[in-house]
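# Reading the structure
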Amino acid sequence: FKQKTAYEILIGLGGLGDVYKRQVDNMVFLLIPLAMVLVIGGIIHTIRQGIVMIIPFMLLRKFSGGYHAKTLFRCMIISCLLLFLCMEITIHISYSWNILMFAGIAGSSLIIQSPIDSENKRLEEVQKRQYRKIVCGFVMFFLALIFILWKLNAQKYAVSIAVGIWLSAGLQIPCLIK
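An account of the accompanying structure is given in this report.

Another aspect to go through is the packing of helix α5 (residues 97-113) against helix α6 (residues 125-151). Between α5 and α6, the shortest axis-to-axis distance is 9 Å and the interhelical angle comes to 170°. Comparing their axes, α6 and α5 come out roughly antiparallel. Contact with α5, carried on its side by Trp-97, Ile-99, Leu-100, Ala-103, Gly-104, Gly-107, Leu-110, Ile-111, Ile-112 and Gln-113, involves Arg-132, Val-135, Cys-136, Val-139, Met-140, Leu-143, Ile-146, Phe-147 and Trp-150 of α6 and no other residues of that element. Looking at side-chain class alone, the contact of α5 with α6 contains 15 nonpolar, three polar and one charged residues.

Next up on the list: a nonpolar patch on the surface. Together, Met-27, Leu-30 and Leu-31 make up an exposed nonpolar region whose accessible area comes to about 260 Å². The topology assignment puts Leu-31 in helix α2 (residues 16-44).

Moving on: the environment of Cys-80. Here Cys-80 lies in helix α4 (residues 72-92). Using a relative accessible area of 32% as the deciding quantity, one classes Cys-80 as partly exposed. The spacing of Cys-80 and Ile-40 is 40 residues in sequence and 8.2 Å in space, taken between C-alpha atoms. With near-sequence residues (within four places) excluded, Cys-80 lies in contact with Met-36 and Ile-40.

A separate point is the nonpolar core. Membership of the largest hydrophobic core comes to 37 residues, with the highest contact counts inside it found for Met-53, Leu-60, Leu-83, Leu-110, Ile-146 and Ile-165. Elements supplying a minimum of two residues to this core: α2, α3 (47-64), α4, α5, α6 and α7 (155-170). Among the elements that line this core, the one with the most residues is α7, at nine residues. When near neighbours in sequence (up to four residues on either side) are disregarded, Leu-110 contacts Leu-60, Ser-64, Val-135, Val-139, Ile-165, Ser-168, Ala-169 and Gln-172.

Before going further, it helps to examine the pattern of salt bridges. Scanning the entire structure with this criterion turns up one salt bridge. Among the ionic pairs, Lys-128 bridges to Glu-125, the shortest N-O distance being 3.6 Å. In this pair, Lys-128 and Glu-125 both sit in helix α6, three residues apart, roughly one turn of the helix.

Residue Pro-115 is reached from Ser-114 by a cis peptide bond, and omega for that bond is -10°. Checked against the element boundaries, Pro-115 lands in the loop between α5 and α6. Positive phi is not limited to glycine here, since His-45 has a value of about 60°. With respect to the helices and strands, the residue His-45 is situated in the loop between α2 and α3. Accessibility expressed as a relative area gives 71% for His-45, which makes it exposed. Of note in this structure, Asn-153 is not a glycine but carries a positive phi near 60°. Note that Asn-153 resides in the loop between α6 and α7. Asn-153 gets classed as exposed once you look at its relative accessible area, which sits at 62%.

Conventions and cut-offs
- Residues numbered from 1 in each chain as written.
- Predicted model: local features only at pLDDT ≥ 70, side-chain atom pairs only at ≥ 80, totals over all residues.
- Heavy atoms only, no water.
- Axes fitted to C-alpha atoms, helices over the stretch in contact; angles between N-to-C directions.
- Helix = DSSP H or I, 4+ residues; strand = E, 2+ residues; numbered from the N terminus.
- Parallel < 35°, antiparallel > 145°, perpendicular 65-115°, else oblique.
- Contact = heavy atoms within 4.5 Å.
- Nonpolar A, V, L, I, M, F, W, Y, C, P; charged D, E, K, R; others polar.
- Patch = residues over 30% accessible without salt bridge, like charges linked within 9 Å, V, L, I, M, F, W, Y side chains within 5 Å.
- Areas by Shrake-Rupley, 256 points an atom, 1.4 Å probe, with all protein chains shown as cover.
- Salt bridge = Lys/Arg side-chain N within 4 Å of Asp/Glu carboxyl O.
- Buried < 20%, exposed > 50% of the residue type's maximum accessible area, 1.4 Å probe, protein only.
- Core = buried A, V, L, I, M, F, W, Y, C linked by side-chain atoms within 4.5 Å.

Spelled out as structure tokens, the structure:
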């Protein structure tokens with residue numbers, strides 16, 4: 001008598017296994033950037049700023065689309081390098097109103113361009129309209145939060161959120177150039 005995994009049981013229930021596998025994959029791909037930020041942040045001593053940066057990135061990226069690497073290995077290398085670069089930016093950038101201006105430009109770009117279909121994930125028209133509204137709401141929320149944090153003299157966290165917006169917008173650029 002062989003013991004079955006939950007995945008094998010769901011496959012036997014008429015295709016629910018594929019839904020289960022996609023949900024597990026989604027959860028893993030949501031947790032990987034957070035884990036990377038915790039590791040990189042631990043090394044360069046910016047865990048809090050890294051978490052504040054990665055949250056807007058993860059939420060915006062989910063609904064805005066953009067560049068996707070063709071292999072998991074390439075994805076991990078690019079992600080680690082980009083996250084390290086962005087975390088370094090949050091440490092070394094000087095606080096100025098230009099940061100707010102660039103966050104506004106990046107946010108506007110996200111609202112206008114989102115969602116971007118990738119070769120790996122095609123969206124239906126209904127999903128596209130829904131995702132654009134979600135991106136618009138998130139961008140407005142994060143821009144307001146940046147402004148509030150700035151006024152409360154929490155600039156390092158305002159910058160971290162701005163960098164998360166920049167990263168999301170930046171990953172759309174390769175798709176727009178094609």
